[in-house]
Structures are given as C-alpha cells and as structure tokens.
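Spelled out, the chains give:
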Amino acid sequence: MPTQVKQPHGGSLTRPNKGETMNPNGRPRKYVTLLVDQGYKRSEINDTIQNMMAMTVDELKQVWDNPKATILEKTIASAMRKSIEKGTLYSLETLLSRVYGLPKQELAASISPQPIWQGVKLQVETDNSGN
C-alpha cells in the first residue's frame, strides 16, 4: 500500500513501498511500433504519414470518421488530432522525424593547444654506461 508523505508546501507525495511500482503497465508504446506489430511494413507507414501530413484538418476528420479507414490511417489521424488538441508538436514531430529523419544539427567546438597535465614536469634520466 503506497504511503502519503507530507511536503513543506502543503501537498503530499505518494511513495510506493519497496518492490511496488506506480506505473504497472510501463511506458506506452510508440505509434510505429504498434503498427509494425499489426503487420504493416515501414514503407507503408511512411507513405501514409507523408500523405496524411499534407491533409487539411477537415480531411483528417473525414479519415477519422470513416468506418472503412484502415487502422494505420486511424492511428496516425488520432496522433495528429491529439497534437492539435493539446497544442503540442510532440506527435507531429515524431511522425515527421519518422519519415524524413532528424534535422541536421551542427556542433561548434573549439580546441586550444594546452598541455594535458599542467604543472607536471617530466624528467628522464638516462644511463649511458651500458649497464
């Protein structure tokens, strides 16, 4: 049985007992993983995403309301609709990066020639006596 821990700000925190979890089903699976499990090929998924990204909101609603739409179309329409309703780009960004890949990112790095061990002096004694 989880315990309630009072917080200084007046709220409380629910802490599970050792060995228990607060999320028994785990993290929800991503759309593409669910669709591949249902037998769709990745190329079919990518083509459908591309086509549906070009639709208007009304066309997307028609796909969602169409009883003959495939599960693939309904799943993508649902993801897009949720993004629009929540005002977030997460699902749309996931779908776009799925089709087109992540955008190119640049990294700026500067390298200055400095000794690795500053302040360490190495002295090597040589014995040329042959022993």
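Note that this is a predicted model, so its numbers are computed, not measured.

Rules used in this analysis
Residues numbered from 1 in each chain as written. Predicted model: local features only at pLDDT ≥ 70, side-chain atom pairs only at ≥ 80, totals over all residues. Heavy atoms only, no water. Core = buried A, V, L, I, M, F, W, Y, C linked by side-chain atoms within 4.5 Å. Buried < 20%, exposed > 50% of the residue type's maximum accessible area, 1.4 Å probe, protein only. Helix = DSSP H or I, 4+ residues; strand = E, 2+ residues; numbered from the N terminus. Contact = heavy atoms within 4.5 Å. Phe/Tyr/Trp six-rings, centres within 6.5 Å; stacked < 30°, edge-to-face > 60°. Lys NZ or Arg CZ within 6 Å of the ring centre and 35° of its normal. Salt bridge = Lys/Arg side-chain N within 4 Å of Asp/Glu carboxyl O.

Caption draft 1: How the structure looks around the nonpolar core. The biggest cluster of nonpolar side chains holds 14 residues, and the ones touching the most others in it are Ile 49, Met 52, Ile 76, Met 80 and Leu 95. Here this core takes five residues from helix H4 (residues 71–86), the largest share from any one element. Beyond its immediate stretch of four places on either side in the chain, Ile 76 contacts Ile 45, Thr 48, Ile 49, Met 52 and Leu 95.

Caption draft 2: Representation of the packing of aromatic side chains in the model. Per the counting criterion, the structure on display carries zero aromatic pairs. In this structure, Lys 74 packs its charged tip against the face of Trp 64, placed 5.3 Å from the ring centre. Positioned above the aromatic ring of Trp 64, the side-chain terminus of Arg 81 is 4.6 Å from the ring centre.

Caption draft 3: The pattern of salt bridges, seen in detail. The tally for this structure, following the rule as stated, stands at two salt bridges. Of the charged contacts, one joins Asp 65 and Lys 61 as a salt bridge, the two residues approaching to 2.7 Å between their closest N and O atoms. You can see Asp 65 and its partner Lys 61 sitting in helix H3 (residues 57–65), four residues apart, about one turn around the helix. Asp 65 gets classed as partly exposed once you look at its relative accessible area, which sits at 44%. A salt bridge links Glu 85 to Arg 81; the nearest nitrogen and oxygen atoms lie 3.3 Å apart.

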